[in-house]
Amino acid sequence: MKKYSGILSEPLKPDDGPEAYWERIEALARHYEIDLDDDAAWLRLMFELCAAHVPGFKMKEADLPREGTDDRDAEVLREMLSRIREYGSVQEAATAVVQARPDLGYGDAKSLREWFGDFTNPANRHYDKRRALAFIMARYGT
């Protein structure tokens, strides 16, 4: 975890107004390299704070694989999540993605459903917070 500095390490004073709170929110977003104009900024900020301060959100260093989410994973996630919202079903979404996007390289809906389930399952030994964040960002914003 990065140490907090500047106004993030200074307590508020009893007479500080709302601008002091907002100044700290902006500093906190900068600290975690989050653009507050991003649609998913608040969600990202929440996950960063959880990962930094809540033991249940911490990952053991040894459990983190070295590879991250690649561009194809991100594109498949965007397509799948868009179709899941449209159809309300992973099965129907996978069928629609396979038909609409053969360039993604999934020959059939079953293999895409399996990939999606494996990708989003925390019990998967390749799961890590970067993949979880990619999933969340694909679901809730870019």
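The structure we're discussing is the one just above.
Quick look at the structure, then.

Calculation rules
Residues numbered from 1 in each chain as written. Predicted model: local features only at pLDDT ≥ 70, side-chain atom pairs only at ≥ 80, totals over all residues. Heavy atoms only, no water. Salt bridge = Lys/Arg side-chain N within 4 Å of Asp/Glu carboxyl O. Helix = DSSP H or I, 4+ residues; strand = E, 2+ residues; numbered from the N terminus. Buried < 20%, exposed > 50% of the residue type's maximum accessible area, 1.4 Å probe, protein only. Expected span 1.5 Å × (residues − 1). Contact = heavy atoms within 4.5 Å.

Details of the pattern of salt bridges
Tallied over the entire structure, the rule returns five salt bridges. For the salt bridge of Arg 44 with Asp 38, the shortest nitrogen-to-oxygen distance reads 3.8 Å. Note that Glu 79 is salt-bridged to Arg 101, the shortest N-O span being 2.8 Å. On the criterion of sequence distance, the pair formed by Glu 79 in helix H3 (residues 71-87) and Arg 101 in the loop between helix H4 (90-100) and helix H5 (109-119) is long-range, its members being 22 residues apart. Just as Glu 79 is buried, Arg 101 falls in that class too. Connected through shared salt-bridge partners, Glu 79, Arg 83, Arg 101 and Asp 103 make up one network.

A look at helix H1 (residues 18-31)
Here H1 spans 20 Å end to end across 14 residues, near enough to the 20 Å set by a 1.5 Å rise per residue. Tucked into the core, H1 has its buried residues touching helix H2 (41-53). Of the residues flanking the end of H1, it is Glu 33, one or two places downstream, whose phi is positive at about 55°.

By themselves, these observations are geometric and do not establish any function.
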